[in-house]
Amino acid sequence: MKIHLKKYILPLKHTFSISRESHDFQDSLIVSLSLNGHTGYGEATSNPYYKITVQSMMTEIESIRKEIENFHFTIPEEFHAFLCSKGLTNFAICALDLAAHDLYGKIKGKPLYELWDTNTDHYPTTNYTIGIAPIDEMVSKMTEMPWPIYKIKLGTDDDVAIVKKLREHTDAIFRIDANCAWTAKETIQNAPLLKDLGVEFLEQPLKADDWEGMELVTHHSVLPVIADESCIIEGDVEKCALHFNGINIKLTKCGGLTPALRMIKKGKELGLKVMVGCMTESTVGISAIAQLLPQLDYVDMDGALLLKEDIAQGVEIKADGQVVFPTLAGSGITMI
């Protein structure tokens with residue numbers, strides 16, 4: 001295989017703020033793997049919370065470039081196992097694993113969802129994320145992007161009041177993501193108020209390691225709670241089943257589609273609702289997530305919708321949330 005790495009700085013339509021950080025650009029690594037006239041593309045974004053930069057990922061991958069190029073590629077699962085044996089971070093593995101899956105599908109001439117024996121007759125609608133901002137700005141973003149489901153980022157001193165104000169401007173379903181900013185007491189108190197305001201579920205209200213607090217929330221919250229920062233790798237799924245109602249799998253955090261497929265299967269076996277989320281990826285990463293849609297209960301794949309300019313073509317998300325799947329095989333990605 002031939003491998004190519006390229007850094008992109010993706011400009012956002014609006015400043016994106018959550019409880020712990022704000023940014024106007026998203027740094028992203030695009031990996032391409034080429035074999036026998038086919039090229040697959042994968043992506044992983046930088047993330048300060050996990051101390052990952054594009055440069056750190058590129059350094060990791062460059063350290064085993066020759067081994068990658070000499071690897072006898074047959075199926076993505078074997079390639080993923082090889083990458084894990086090299087001690088790479090999951091973010092770097094994700095970019096390579098997504099590229100390998102796209103390449104594999106293109107070699108086989110089928111989209112990944114068909115290779116996984118699923119079809120796109122039914123799939124969940126993605127939410128559209130509204131970051132923390134002054135109320136008028138949050139309302140303006142909703143007006144700019146009318147959508148059936150909004151994920152509202154919270155973690156302020158006036159969270160319930162914010163949701164009340166937003167509810168005055170839309171009948172859409174709300175999902176709340178506090179990004180670890182609440183306590184168990186706040187979560188339990190906020191839940192009935194938010195339920196009355198049309199909130200569907202709460203995502204990661206407590207700190208990732210506050211398992212004692214989540215034990216209280218599990219027994220006393222009137223709203224379902226979905227794990228995000230508490231569910232990073234495959235081994236976290238079983239623990240989350242004791243403390244959450246569902247899991248939000250991030251491809252970048254778990255290491256790509258290969259482990260995500262196993263996490264989806266495990267989550268369902270344990271009776272969890274299963275969601276896959278994005279980390280402000282371009283259409284490269286979003287198109288990979290879209291291949292999983294038939295297997296999911298919820299999805300957060302609005303990353304490319306938050307960008308001023310995209311860098312690829314693949315899955316297209318329409319204004320009503322409908323997904324148009326590409327005719328190209330694999331994840332269906334071509335670079336612009």
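For the structure itself, consult the block above.
These numbers were taken from a predicted model, which means no experiment stands behind them.

Caption draft 1: Structural context of the pairing of strand 5 (residues 149-153). Of all five residues in strand 5, five are buried; the element is thus mostly enclosed. Side chains Ile149, Lys151 and Lys153 of strand 5 all project onto a buried face; the interleaved residues Tyr150 and Ile152 project onto the opposite face, where all are buried too. Of the strand pairs in this sheet, strand 4 (residues 128-130) and strand 5 are connected by three bridges, and their pairing is parallel. When the sheet's bridge partners are listed, Tyr128 is paired in strand 5 with Tyr150. In this fold, strand 4 hands off to helix 6 (residues 135-144), which returns the chain to strand 5; that crossover is right-handed. Two strands pair when backbone bridges link them, and strand 5 and strand 6 (residues 173-177) are joined in this way by five bridges, in the parallel orientation. Note that in strand 6 the partner of Tyr150 across the bridge is Phe174.

Caption draft 2: Representation of the side chain of Thr283 in the model. In this structure, Thr283 sits in helix 13 (residues 283-290). When its relative accessible area of 6% is taken as the criterion, Thr283 is described as buried. Apart from the residues lying within four places of it in its own chain, the contact partners of Thr283 are Ala304, Asp310, Ala312, Gln313, Gly314 and Val315.

Caption draft 3: Region of the structure containing unusual backbone geometry. At Lys51, a position not held by glycine, the phi torsion is positive, near 60 degrees. Considering the arrangement of structural elements, one finds Lys51 in the loop between strand 3 (38-45) and helix 1 (54-62).

Caption draft 4: Focus on the environment of Gly131. Within the secondary structure layout, Gly131 lies in the loop between strand 4 and helix 6. The exposure class of Gly131 is buried, given its relative accessible area of 2%. On a C-alpha basis, the gap between Gly131 and Leu251 in space is 21 Å, while along the polypeptide they are 120 residues apart. With residues up to four places along the chain from it excluded, the contact list for Gly131 reads Phe16, Ser17, Met138, Lys141 and Lys153.

Caption draft 5: The arrangement of helix 6 in detail. Every buried residue belonging to helix 6 is among Met138, Val139, Lys141 and Met142, and all of these are buried. Down the axis of helix 6, the buried set is contained in an arc of 155 degrees. They therefore lie on one face. Among the exposed residues of helix 6, those oriented more than 90 degrees off its buried face are Asp136 and Thr143. In this structure, the buried side of helix 6 is in contact with strand 1 (2-18), strand 4, strand 5, helix 7 (159-167) and strand 6.

Basis of the calculations
Residues numbered from 1 in each chain as written. Predicted model: local features only at pLDDT ≥ 70, side-chain atom pairs only at ≥ 80, totals over all residues. Heavy atoms only, no water. Buried < 20%, exposed > 50% of the residue type's maximum accessible area, 1.4 Å probe, protein only. Helix = DSSP H or I, 4+ residues; strand = E, 2+ residues; numbered from the N terminus. Pairing = 2+ DSSP bridges. Right-handed = clockwise from strand over helix to strand, strands pointing away. Contact = heavy atoms within 4.5 Å. Arc of directions from axis to C-beta.

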